[in-house]
Amino acid sequence: MSDTDDNPLPVVMIAGAGLGGLLLAVIFERNGIPYQIFERATKLKPLGSTFGFGCNILPAFEQLGLLEDLLRVSYPTYSIDMYDTHLKPIGGFSFKRYKKRTGYDTIMFPRPALHNLLLSRVPPHKILLGKKVMSLQQNKEGVMIRCSDNTSYHGDILIGADGAYSGVRQSLYKAAIRNNDLPMCDKDGLNTGHICMVGTTNPLDPAKYPVVNDNFAHFKRIINEGTPFSWSIVTMPEKRICWMAVVQLDPSEAKNATFMNSEWGPESNASMIKQIYNFPCPVGGIMGDLIDATSPDLISKVFLEDRLFETWTYGRTALIGDAAHKFLPSAGQGAVNAMQDAVIVANCIHDIEEPTYTNIMAALKDYYRQRYAHTWQERMTRGFVFKWVPKSIQTKQFFKDASYRPQIMFLPQVENRGTIPVLPQKPSKKYQRETSKETLADQDQ
């Protein structure tokens, strides 16, 4: 543990330099919690396509002073437009009332831009590369990790933010099984259900794609009824287009899938590119035109799953993001939920009065209590509501979800600028006590 002003602080080890792990590090930079990130890649190379954020996470970015920087690489979007393969409109969803109701636009941006923004706020020496966590041991004295390069490290708390095939989760679950503490539902492995390919083009010619001249994001998705394919495009700043294609695997393909790594990567893309190359593009031409305008090393493919684990914490260890729950890209909430996890677990760690084994376990269990129920509800309603119910009920559910906006409770709170009430959040007793002392000190002066 570390000492600050005679108050002991827990030393936190973060496995994974993805979006959830980096946001957690940025939050720790604000409250002085000592931490180290252990990233399995030997070089950080942000990949992926487009993300969409709204009021569920943007208040936390505003608290951290990141919102304006994020807006500079983003466009607002006002609708999702759905088409069949003949480019005939078949539905969609409007965000036109979103800002008035929630106080924020829905913004779209390339995933690499967000990754680079967060990375710029983390001191480089606090990220160790080539450190895949292979195993862990924990007891009342602390937690130790062993990495793929035969190094080991010690801390007070371990956060597994290392993706769907989390080495932290696998090692944690082995320990829980030895103690007969792991529920049966968590003993099954991940089942691959979809393959997703994404990319972001180089700047495009507005004469060929006039939509790139607009200062808002066009979000268009094509549903190919009767086939396992769907694909979409989103226009971005700098006259670029983010594109994505998803194929749903049949049960036999999913069972025999051998690609056992959920991280974005450019490996073995040729076969899927061939499959999607001649698909019609909703902004003109074919998808192959966008693929040709994308640098090959920025095209990546990943196997995707949809899974919610029951066990997120055990001893001194907690899981966040895909390590605890995996959302399909159609849900659009994977990154948002990972970042909400980071906000809540940071709040809980901040409120640890003394980093004893008992207090740490209690804090991590509190994180689970605050996050699990909402994540379960989010997963269920996103998969059902946006497919099978009338648009009026979609809208009602959408704005109901918008009331959940976790903030960092040891920083000044962002006011609600919309008309939708915000769900109350558990306050930070430590922060309340600290601000009370500051107020009394100011009064004495």
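By convention here, each chain's residues receive numbers from 1 onward along its written sequence. Since the coordinates come from a predicted model, pLDDT governs what is reported: local features require at least 70, and pairs of side-chain atoms require 80 or more to be given and counted, while whole-chain, interface and lining totals use all residues. To get the side-chain values, take all heavy atoms of the structure and skip hydrogens and water.

J.: Explanation requested: the overall build of the protein in the structure shown.
T.: Regarding its fold elements, the protein presents 13 helices and 22 strands. Under the scheme applied here, a residue whose accessible area is under 20% of the maximum for its type counts as buried, over 50% as exposed, and between as partly exposed, the area being computed with a 1.4 Å probe on protein chains only. Counting over 445 residues, the protein shows a buried share of 54%. By the convention used here, residues are in contact when the closest approach between their heavy atoms is within 4.5 Å. For the protein, restricting intrachain contacts to residue pairs at least 6 apart in sequence, the fraction spanning at least 24 positions comes to 72%. Every accessible area reported is derived by Shrake-Rupley at a probe size of 1.4 Å, with residue values counting cover from the shown protein chains alone. Carbon and sulfur atoms form 53% of the exposed surface of the protein, whose accessible area is close to 20500 Å². Secondary structure is summarised from DSSP: a helix means a run of H or I of at least four residues, a strand means a run of E of at least two, and numbering begins at the N terminus for each.

J.: Looking at this model, I keep getting lost on the sheet that holds strand S4 (residues 35–38). Mind explaining?
T.: Whether two strands pair comes down to DSSP finding at least two bridges between them. Taken in spatial order, the 6 strands make up an open sheet running S9-S4-S3-S13-S21-S20, and their pairing is mixed. Either end of the sheet is taken by a strand with one partner, and the two such strands are strand S9 (127–128) and strand S20 (313–314). The pairing of S20 with strand S21 (residues 317–319) spans 2 bridges and is classified as antiparallel. Bridged to threonine 313 within S21 is alanine 318.

J.: So what exactly am I meant to see when it comes to unusual backbone geometry here?
T.: With a phi close to 70°, asparagine 150 is a non-glycine residue in the positive phi region. Along the chain, asparagine 150 falls in the loop between strand S11 (143–147) and strand S12 (152–155). The exposed category is assigned to asparagine 150, whose relative accessible area is 76%. Look at lysine 239: it is not a glycine, yet its phi comes out positive at around 60°. As for its position among the elements, lysine 239 is in the loop between strand S16 (229–236) and strand S17 (240–248). Note on lysine 239: relative accessible area 33%, which makes it partly exposed.

J.: Would you explain the nonpolar core in this entry?
T.: The nonpolar side chains of a soluble globular protein tend to be buried with one another. Buried Ala, Val, Leu, Ile, Met, Phe, Trp, Tyr and Cys residues form a nonpolar core when they are joined through side-chain atoms within 4.5 Å. Within the largest apolar cluster, 98 residues are counted, with the highest numbers of intra-cluster contacts made by Phe53, Leu114 and Leu118. In terms of residue count, helix H10 (residues 334–350) provides more of this core than any other element does, 10 residues in total. What leucine 118 contacts, discounting residues up to four positions off in sequence, is Leu19, Leu22, Leu23, Val26, Phe61, Leu66 and Met339. Of all hydrophobic cores here, the second largest spans 28 residues; its members include Trp231, Trp243, Ile276 and Phe279.

Function cannot be inferred from these measures alone, as they are strictly geometric.
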